[in-house]
Amino acid sequence: MTTLEIVGGRVLRPDMTVEHGDVLADRETGEIRAVGDVPDGDESLDASGGLVIPGLVNAHTHVAMTLLRGYADDEPLETWLQEDIWPVEATLEPADVRAGVELGLVEMIETGTTGFCDMYFDVPETVAAVEEAGLRARVGHGIVTVGKDEDEARADLEEGLRVAREFDGAADGRVSTAFMPHSLTTVDAAELDAFVPEAREADVPVHLHANETTGEVEPIVDDHEKRPLEYAVDHGLLEPEDFVAHGVHLDEREVDLLAERGAGVVHCPASNMKLASGIAPVQTLLDAGVTVGLGTDGAASNNDLDMFDELRDAAMVGKLGAGDASAVDAPSAVGMATAGSAAVAGFDAGRIEPGANADLAVLDLDATHLTPHHDLVSHLAYAASGTDVRHTVCDGEVLMRDREVLTLDVDEVRETAERHAAAVVERAE
Ligand SMILES: N[C@@H](CCSC[C@H]1O[C@@H](n2cnc3c(=O)[nH]cnc32)[C@H](O)[C@@H]1O)C(=O)O
Ligand SMILES: [Zn+2]
């Protein structure tokens, strides 16, 4: 059983055209072998009446935060983090993180997401869950040193390096890592200067939150007389493989800086709307040639991990922000959730062509809200949702067949998550 054929459907190609055809995946290499007219495979997935798309990539999330879904809503970022989220997170044990991660991974598989980038703590739990669930992930330990004494701060930085070194290449290469300082205001310059060179030495990228709110931009401008991303470059950040989450409040120089340096941005439209952080200049970034991916951020600021919601939000708010209905058109939004996010994450995925990772989702087109079929890319951007996903495949392996998740026990995962979520909130109160 070395090959998997996905037959009888239509296929979304990298140029955003849709054609009738099959896909043959090689389960040994985890790559797509052929598209269109393909030889028979050893195992078969029925895509008739469906659309085969690249598995969506959630390029910025905190997956264990599914445990805090609906726990603290309707607040701006600083209050939300400092008064509600961080106090509860301080009580989280590795087993809680594991329960939250598994809940999130089930949700991703069910909604056609095959890869993600995660910033959280207890990274070994995330890696173990990813190994079991079969997804692809770039993971890192989120480092916060503000408000900690010197020893605690150093331990957090060391842990960030340790997990980046230890887990890069884990789960047969499905897991990669990054060094993840939380943001430019929660980790200080001297710490970046000391630790970023070590991340370079370990050959891992750096991922952080940047320019998310004006409350985060202003102190840097006031204290250092430069924009946050200029400050970031001064402290060794924004190499081509690096990527920042949000990029809401960017000036022209910062957009140019991202384009020149080749660093990526992960747009998180739902989180930015929910926390009223602002509207990222997505069309401007795309026009400047910046690599833009898409992310949900954590489930406590979204409140789900469905990337179909995210790409619709990106298209909608992109137009509103630009005051231009042609901004962030359907192909751009779908491109961000697939090839864009994969490029940002450093995954050889996000496109259906031979040689790319066989990370795929099959959507049912046979649905009232997807009728008629004028333009299927338009449907992906504006009408489809995660519940339309029939099969999910990652690295050539079937993770969900006919809406049945095969790698995790959904009922057990949900029960365990309920139990841990209740206990965590009780402990925090
Ligand atoms: N080691 C750190 C944890 C950092 S993990 C990454 C952090 O990002 C937080 N987070 C989630 N969403 C956002 C966001 O939109 N902006 C900034 N931080 C966020 C999340 O709650 C988590 O605390 C510690 O000891 O506190
Ligand atoms: Zn975040």
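Since we're looking at a predicted model, the values are computed, not measured. Along each chain, the written sequence defines residue order, and numbers are assigned to residues from 1. As a convention, the first chain written is A and the first ligand written is 1, with the rest following in written order. In view of the model being predicted, local features appear only for residues whose pLDDT reaches at least 70, and side-chain atom pairs are presented and counted only at 80 or more, with totals across whole chains, interfaces and linings using the full set of residues.

A. Here's a closer look at the site of ligand 1. As a rule, any residue with its backbone-derived C-beta atom within 6 Å of a molecule or strand is reported as near that molecule or strand. Neighbouring residues of ligand 1: 19 residues in total, closest Ile85, Gly142, Val144, His209 and Gly298. Secondary structure elements with two or more residues in the shell around ligand 1: α1 (77-89), β9 (113-120) and β10 (136-143). The element that contributes the greatest number of residues to the shell around ligand 1 is α1, accounting for four residues. Residue polarity is assigned by list, with Asp, Glu, Lys and Arg as charged and Ala, Val, Leu, Ile, Met, Phe, Trp, Tyr, Cys and Pro as nonpolar; anything else, Gly included, falls into the polar class. Class assignment for the residues of the shell around ligand 1 results in eight nonpolar, seven polar and four charged. The helix count covers DSSP runs of H or I at least four residues long, the strand count covers runs of E at least two residues long, and both are numbered beginning at the N terminus.

B. Local environment of the sheet that holds strand β2 (residues 10-12). In this description, strands pair whenever DSSP reports at least two bridges between them. Strands sit in the order β3-β2-β7-β17-β18-β19-β20 across an open sheet of seven strands; the sheet is mixed. At either end of the open sheet lies a strand with only one pairing partner, and these are β3 (18-20) and β20 (404-405). The pairing of strand β18 (residues 389-394) with strand β19 (residues 397-401) spans three bridges and is antiparallel. Residue pairing in the sheet places cysteine 394 in a bridge with glutamate 397 of β19.

C. Fine view of unusual backbone geometry. Of note, the bond from asparagine 302 into asparagine 303 is cis; its omega dihedral lies within 30 degrees of zero at 5 degrees. Positionally, asparagine 303 belongs in the loop between β16 (292-294) and α11 (307-322). A cis amide bond links threonine 371 to the next residue, proline 372, at an omega of -5 degrees. Of note, aspartate 297 is a non-glycine position whose phi angle comes to about 65 degrees, a positive value. When you line up the elements, aspartate 297 lands in the loop between β16 and α11. Although it is not a glycine, aspartate 395 sits at a positive phi angle of roughly 60 degrees. Structurally, aspartate 395 is set in the loop between β18 and β19. Working definition of burial: number of other C-beta atoms within 10 Å of the residue's own, with buried at 20 or more, exposed at 12 or fewer, and partly exposed in between, all C-beta atoms being placed from the backbone. Classification of aspartate 395 as buried rests on a count of 25 C-beta atoms within 10 Å.

D. Local environment of the pairing of strand β8 (residues 56-61). Among the six residues in β8, six count as buried, and that is most of the element. The pairing of β8 with β9 spans four bridges and is parallel. Following the sheet pairing, leucine 56 is matched in β9 by threonine 113.

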